[in-house]
Amino acid sequence: MATGAGSHLTQGEGEDGPDSPRTHKCSYCEKEFPFKSKLNQHLRTHTGKKPYTCEECSKQFSELGTLKIHIRTHTGEKPYTCEACYKQFSEFGVLKKHMRTHTGEKPYTCEECSRQFSELGNLKKHILVHTGEEPYKCEECSRHFRQLGTLKRHMRTHTGEKPYRCEECSKQFTALSNLKTHMQIHTGVKPYKCETCSKQFIQLCNLKSHMRTHAGERPLFYLTNMATGAVTQLTQGEGDNGQDSPRTHKCSHCDKEFRFKSELNRHLRTHSGERPYQCGECGKRFSQISTLNCHMRTHTGEKPYRCQECGRQFSSLNNLKVHMRTHTGEKPYKCEHCSKGFSQLSSLNAHVRTHTGEYPYSCEECSKHFSELGNLKKHIRTHTGEKPYKCEECNGRFNNQSQLKMHMRIHTGEKPYECKSCSKRFNHSSNLKIHMRTHSGEKPYRCEECSRQFKTLTNLKTHMRTHTGEKPYRCEECSKQFSQLGNLKAHKITHTGETQ
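Novice: It is not clear to me how helix H8 (residues 261-272) should be interpreted in this structure. Could you clarify?
Specialist: For an α-helix the count is 3.6 residues per turn, leaving residues at separations of three or four pointing the same way. With 12 residues, H8 extends 16 Å between its outermost C-alpha atoms, agreeing within 8% with the 16 Å of an ideal straight helix rising 1.5 Å per residue. Where H8 is buried, its residues contact strand S17 (249-250), strand S18 (257-258) and strand S19 (277-278). Immediately downstream of H8, the backbone of glycine 273 shows phi near 75 degrees, a positive value.

Novice: Whenever I open this one, the pattern of salt bridges confuses me. Can you help?
Specialist: Note on pairing: side chains with opposite charge can pair once their charged atoms come close. According to the stated counting rule, one finds 12 salt bridges in the structure shown. Of the charged contacts in the structure, one is a salt bridge between arginine 100 and glutamate 105, with a shortest N-O distance of 3.9 Å. For glutamate 105, a relative accessible area of 42% translates into the label partly exposed. The residue arginine 437 makes a salt bridge to glutamate 442 at a minimum N-O spacing of 3.9 Å.

Novice: Could you clarify how one ought to interpret the state of the cysteines in this entry?
Specialist: The full count for this structure, using the stated rule, is 0 disulfides. In this structure cysteine 113 is not part of a disulfide, and its nearest cysteine sulfur, from cysteine 110, lies 3.7 Å away. A residue is classified by how much of its surface remains accessible, and cysteine 113, at 37% relative accessible area, is partly exposed. Cysteine cysteine 366 shares no disulfide, and the gap to the nearest cysteine sulfur, in cysteine 363, comes to 3.7 Å.

Novice: I'm lost on helix H16 (residues 485-496) in this one. Help?
Specialist: In this model, H16 (12 residues) spans 17 Å end to end at C-alpha, consistent with the 16 Å of a helix rising 1.5 Å per residue. Count one or two residues on from H16 and you reach glycine 497, which has phi positive near 80 degrees.

Novice: Got a minute to help me understand the side chain of arginine 156 in this structure?
Specialist: Position of arginine 156 among the secondary structure elements: in helix H5 (residues 148-159). In this structure, arginine 156 is in contact with Glu161, Pro163, Tyr164, Thr174 and Ala175, ignoring residues within four places of it in sequence.

Novice: Got a minute to help me understand a positive patch on the surface in this structure?
Specialist: Together, Lys162, Lys171, Lys303 and Arg312 make up a positively charged patch on the protein surface. Tracing the chain through its elements places lysine 171 in the loop between strand S11 (164-165) and strand S12 (172-173).

Calculation notes
Each chain has its residues counted from 1, running along the sequence as written. The predicted nature of this model means local features are confined to residues of pLDDT at least 70 and side-chain atom pairs, given and counted, to a pLDDT of 80 or more, with totals for whole chains, interfaces and linings taken over all residues. In computing side-chain values, all of the structure's heavy atoms are included and hydrogens and water are not. Strands here are runs of E lasting at least two residues and helices are runs of H or I lasting at least four, both read from the DSSP assignment and numbered beginning at the N terminus. Residue count minus one, scaled by 1.5 Å, sets the expected span of a helix. Note on contacts: a residue pair qualifies if any of its non-hydrogen atoms lie within 4.5 Å across the two residues. The term salt bridge refers to a pairing of a side-chain nitrogen on Lys or Arg with a carboxyl oxygen on Asp or Glu at a separation within 4 Å. Each residue gets one of three labels from its accessible area relative to the maximum for its type: buried under 20%, exposed over 50%, partly exposed in between, using a 1.4 Å probe on protein chains only. Throughout, disulfides are identified as pairs of cysteine sulfur atoms within 2.5 Å of each other. Patches here are clusters of residues that have more than 30% relative accessible area and form no salt bridge, with a 9 Å joining cutoff for like charges and a 5 Å cutoff for nonpolar side chains (Val, Leu, Ile, Met, Phe, Trp, Tyr). Using a 1.4 Å probe, accessible areas were evaluated by the Shrake-Rupley method; residue-level cover was limited to the displayed protein chains. Charge convention: Lys and Arg are scored as positive, Asp and Glu as negative, and His as well as the terminal groups of each chain are ignored. Charge coordinates come from a single atom per side chain, which is NZ of Lys, CZ of Arg, CG of Asp or CD of Glu.

Structural data, given as structure tokens:
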């Protein structure tokens, strides 16, 4: 009786004798099988033979059962149904794994730490944490990874591939998890709610961070590695060098102490003014390599730091930390004069000047002073005529972004500011404030000459001309002058003969 290559049949047994214990032995590894058919399947693991081919995509398989399961990816057939939630599956094994989400069963236990897992694959991945093994290597940069999936995501940082596309706005992502987080921006779903103040969040980790602000603790900060998708938890203000090292390195200039020699060396440059790191693009120099790296992103456009809550990306870690406060509500900078809180130190400094009356920024053209540098920059454009912000609808140009945003509401018809008294809506907050005075009767602008009061500054300025005699509006036909533009327009009718 022929038994075929690679097998050994115990004497006196048939090919598929049902009662014989393990009679077919593999000549490669000496593993034994009760049936010849099982041995033949096993032999393909040694020979690599794949005799079963999918007619749809030509993919080949070593076992007929595996081919049948694969074909369901083409037909969409899902014959196995979960009795608990009625979810359907194409494989019985996947259904068994899924059932553990209902039963809570975790049959696989780590021998090192006793942690339990519902799937064997997850246990195997976890064991690498203990062994330190990183078997998957990137051929581009030689970096090693514990999991094949993490390596595949990392490879996209080299290839630029972004296989996951948002159907709403066509934005693409390197990882499916990033797309799922982004989709919540469109759906507006914020399933995690703060029980204290009812603020809602897209992700649980950001709710937990926010809750610390109620407990008087510093909020946690979640940093996403855009290369791997891994999320690292930090406390706001925590550096890369740990928290508990004793400060043993003292600066000879100011006696300030540092935990690490590298930190002291960086600090010494603040005294010496040394800037050893130069940008190859624009020649700008920096005292720290990290600052140069951050600056380089202004040339490359790279934004590696992503907000877990809204998906917005940033070029520097500090900018992301500041942005996170818009979600957590943290305002760590307090005004000593009025106790008002601010999320940024620069905002506090600008606010303090409203108490001190300080105007440190001066225009070289007209000597006008400003409390904030940004306001000076905007003002300078009134001298240069620069209008860098352009409306894509009508090509109108503006000297600052806020003016462009207000202008865009003319095209969109958006009126986001509503009067609570009469429900009338306005396209700018200042217009709403003026309107509110029709309900309150407030007239905050007083004429110093006659004590008459006005609701708007514009009306006061117009009124002041009755005292000064100023007539800034001149008729081009007869040179007659007027104190108000409306009066000039009415006068022009006498020349044109037009009626309104």
